[in-house]
There are 2 protein chains.
Amino acid sequence: MAEREREYEMGDAELEVLRALWELRSATVRQVLDYLRSHGRHVAYTTVQTFLTRLEQKGVAKSDRRDLAYVYRATVSRERVSRSRLRSLLTQLYDGAAGPLVLQLVRSETLTPDELGELQKLIDRLDSRTKRTNP
Amino acid sequence: MAEREREYEMGDAELEVLRALWELRSATVRQVLDYLRSHGRHVAYTTVQTFLTRLEQKGVAKSDRRDLAYVYRATVSRERVSRSRLRSLLTQLYDGAAGPLVLQLVRSETLTPDELGELQKLIDRLDSRTKRTNP
DNA sequence: CCCGACCTACTACTTATGTCGGAGGAATCC
DNA sequence: GGATTCCTCCGACATAAGTAGTAGGTCGGG
């Protein structure tokens, strides 16, 4: 296998199911199915079941028998998965340098004023830290 | 297939080969192989050949017979692929909102002072534009 | 007590990806 | 001029991922 041991390895469709779990907090196969349907994604009941099983095998979800159906919930946060994927993208396309990516994002995507404010604060904090270490 | 028509669809190993093409500008199978080897990636000659062929089929590289060996070069830029992948990540994990991603990146990755400066300039520009539109 | 609605457990099939090996041709080296 | 070295062409095989059908249990109503 390509030496890469990317932490949360999963396909796009699997990720969609995981997202459903993040949204719903906890859900049965049917609930996930309904969620996906209501978001325009049409797959069979058993397909969702397969995904949930696979997600559990991969350790990113766990199930728990409730009444007659299993209830699933994610065991990893969206942030964790996101960080992992982002890091992978960074490594694969920018040799790990975040700078170019951030600039590209801010340039080509639209940030809300609030987000811009947040970002500004963050930068100020980093700036002052730099100055202090490097007067 | 999962309805998604992601522009530059390719596996990690294929991407590594494409990266080699970006670095080398143009290269034969062997040159790519050597490049990969020198970067700690060990695969068979024919494996690289397969990847190059597939990349060509996908339209992201083209070949051209030179002497006895084919010479390959990428037909898409790193930026294009990067943008596409990034957009996909954004959609998959943040419903397309760039803000959270940017904040996460700036928070968890290290930017150089130069990059921070760039970023600051960018924000200032965006800020003034916002103020002008929204006094 | 049988029906329909659900649920789980399997099995299965397809395409994409990662990885090669072997066949057969051309240039190269004593 | 036969062995060596490269190259290309093709076929192959394993695993992952996307998608789903079938078999067989359970439960609530008529």
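Whatever comes next refers back to the structure up there.
Structure report, in brief. (Residues numbered from 1 in each chain as written. Chains lettered and ligands numbered in written order. Predicted model: local features only at pLDDT ≥ 70, side-chain atom pairs only at ≥ 80, totals over all residues. Heavy atoms only, no water.)

Of the regular secondary structure elements, chain A holds 6 helices and 2 strands. When the elements of chain A are put in sequence order from the N terminus, they spell out α-α-α-β-β-α-α-α. Relative to a compact globule of 135 residues, whose C-alpha radius of gyration would be 14 Å, chain A shows 20 Å and is clearly more extended. Overall size of chain A, expressed as C-alpha extent along the three principal axes, is 65 × 40 × 25 Å. Within chain A, buried positions represent 44% of all 135 residues. (Helix = DSSP H or I, 4+ residues; strand = E, 2+ residues; numbered from the N terminus. Rg over C-alpha atoms; globule rule 2.2 N^0.38 Å. Buried < 20%, exposed > 50% of the residue type's maximum accessible area, 1.4 Å probe, protein only.)

Our next topic: the protein's contact with DNA strand D. As a matter of local geometry, DNA strand D sits amid 25 residues, with Asp12, Arg41, Arg54 and Lys58 of chain A together with Arg30 of chain B nearest to it. Each atom of DNA strand D within 4 Å of the protein was classed as base or backbone; sugar and phosphate made up 63%. Residue Thr46 of chain A places a side-chain N or O atom 3.2 Å away from a base nitrogen belonging to DNA strand D. In the environment of DNA strand D, a phosphate oxygen lies 2.9 Å from a nitrogen or oxygen atom belonging to the side chain of Tyr45 of chain B. The set of elements that each furnish at least two residues to the surface near DNA strand D consists of helix H1 (12–24) and helix H3 (45–57) of chain A together with helix H2 (29–38), helix H3 (45–57) and strand E2 (69–74) of chain B. The element best represented in the surface near DNA strand D is H3 of chain A, accounting for 5 residues. (Near = heavy atom within 4 Å. Polar contact = N/O pair within 3.5 Å; in protein donor to acceptor, adjacent residues only side chain to side chain.)

Turning next to the relation of the copies chain B and chain A. Note: a rotation about an axis with an accompanying shift along it relates these two copies of the chain. When chain B is fitted onto chain A, the two copies agree to an RMSD of 0.2 Å after a turn of 179 degrees and an axial shift of 0.1 Å. In short, the pair behaves as if placed about a two-fold rotation axis. No C-alpha of chain B approaches the rotation axis more nearly than that of Val102 of chain B, which lies at 3.0 Å. When the interface residues of chain B are mapped onto chain A, 100% of them again lie at the interface, so the same face is used by both copies. (Least-squares fit on C-alpha atoms with pLDDT ≥ 70 in both. Contact = heavy atoms within 4.5 Å.)

Applying the stated criterion to the full structure yields 0 aromatic pairs over all chains. A cation over an aromatic ring shows up here: Arg65 of chain A above the ring of Tyr70 of chain A, its NZ or CZ 4.8 Å from the ring centre. (Phe/Tyr/Trp six-rings, centres within 6.5 Å; stacked < 30°, edge-to-face > 60°. Lys NZ or Arg CZ within 6 Å of the ring centre and 35° of its normal.)

Residue and element names in this part refer to chain A. Pairing of strand E1 (residues 61–66) with strand E2 (residues 69–74), which is carried by 6 bridges, proceeds in the antiparallel orientation. Of the residues in E2, the one forming a bridge with Asp64 is Val71. Linking E1 back to E2 in an antiparallel pair, the connection comprises 2 residues, with Asp67 at a positive phi of about 55 degrees. (Pairing = 2+ DSSP bridges.)

We now examine helix H4 (residues 78–94) of chain B. Relative to the 24 Å expected for 17 residues at 1.5 Å per residue, H4 of chain B spans 23 Å between its end C-alpha atoms, a close match to the ideal helical length. Within H4 of chain B, 12 of the 17 residues are buried, which leaves the element mostly enclosed by the surrounding structure. All of the buried residues along H4 of chain B are Arg78, Val81, Ser82, Ser84, Arg85, Leu86, Ser88, Leu89, Leu90, Gln92, Leu93 and Tyr94 of chain B. Close packing links the buried residues of H4 of chain B with H1, helix H4 (78–94) and helix H5 (98–108) of chain A together with helix H1 (12–24) and helix H5 (98–108) of chain B. Residue Asp95 of chain B follows H4 of chain B closely and has a positive phi angle near 50 degrees. (Expected span 1.5 Å × (residues − 1).)

With 47 residues of chain B at the interface, the matching set in chain A holds 47 residues. Buried area between chain B and chain A, both sides added, is near 4500 Å², and the carbon and sulfur share of it is 63%. Run the count over chain B and chain A and you get 4 salt bridges. For Arg19 of chain B, the salt bridge identified is with Asp95 of chain A, shortest N-O distance 2.5 Å. Run the count over chain B and chain A and you get 14 residue pairs in polar contact (both at pLDDT 80 or more). Elements with a minimum of two residues in the side of chain B that touches chain A: H1, H4, H5 and helix H6 (113–133) of chain B. For the side of chain B that touches chain A, the leading source of residues is H4 of chain B, giving 14 residues. Residues belonging to the side of chain B that touches chain A are distributed by class as follows: 22 nonpolar, 6 polar and 19 charged. (Buried area = accessible area lost by both parts, 1.4 Å probe. Salt bridge = Lys/Arg side-chain N within 4 Å of Asp/Glu carboxyl O. Nonpolar A, V, L, I, M, F, W, Y, C, P; charged D, E, K, R; others polar.)

Next up on the list: the pattern of salt bridges. Residue and element names in this part refer to chain A. A complete count under the given rule lists 14 salt bridges over all chains for this structure. For Arg66, the salt bridge goes to Asp64, with nearest N and O atoms at 3.6 Å. The class of Asp64 is partly exposed, set by a relative accessible area of 36%. A salt bridge links Lys121 to Glu118, with the shortest nitrogen-to-oxygen separation between them at 3.5 Å. With Lys121 and Glu118 both in helix H6 (residues 113–133), this residue pair falls 3 residues apart, about one helical turn. The class of Glu118 is partly exposed, set by a relative accessible area of 34%.

So, on to the side chain of Thr28 of chain A. Residues and elements named next belong to chain A. Note on placement: Thr28 falls in the loop between H1 and helix H2 (29–38). We classify Thr28 as buried; its relative accessible area is 16%. The contact partners of Thr28, leaving out residues within four places of it in the chain, are Ala69, Tyr70 and Val71.

Honestly, it's all geometry; don't read function into it.
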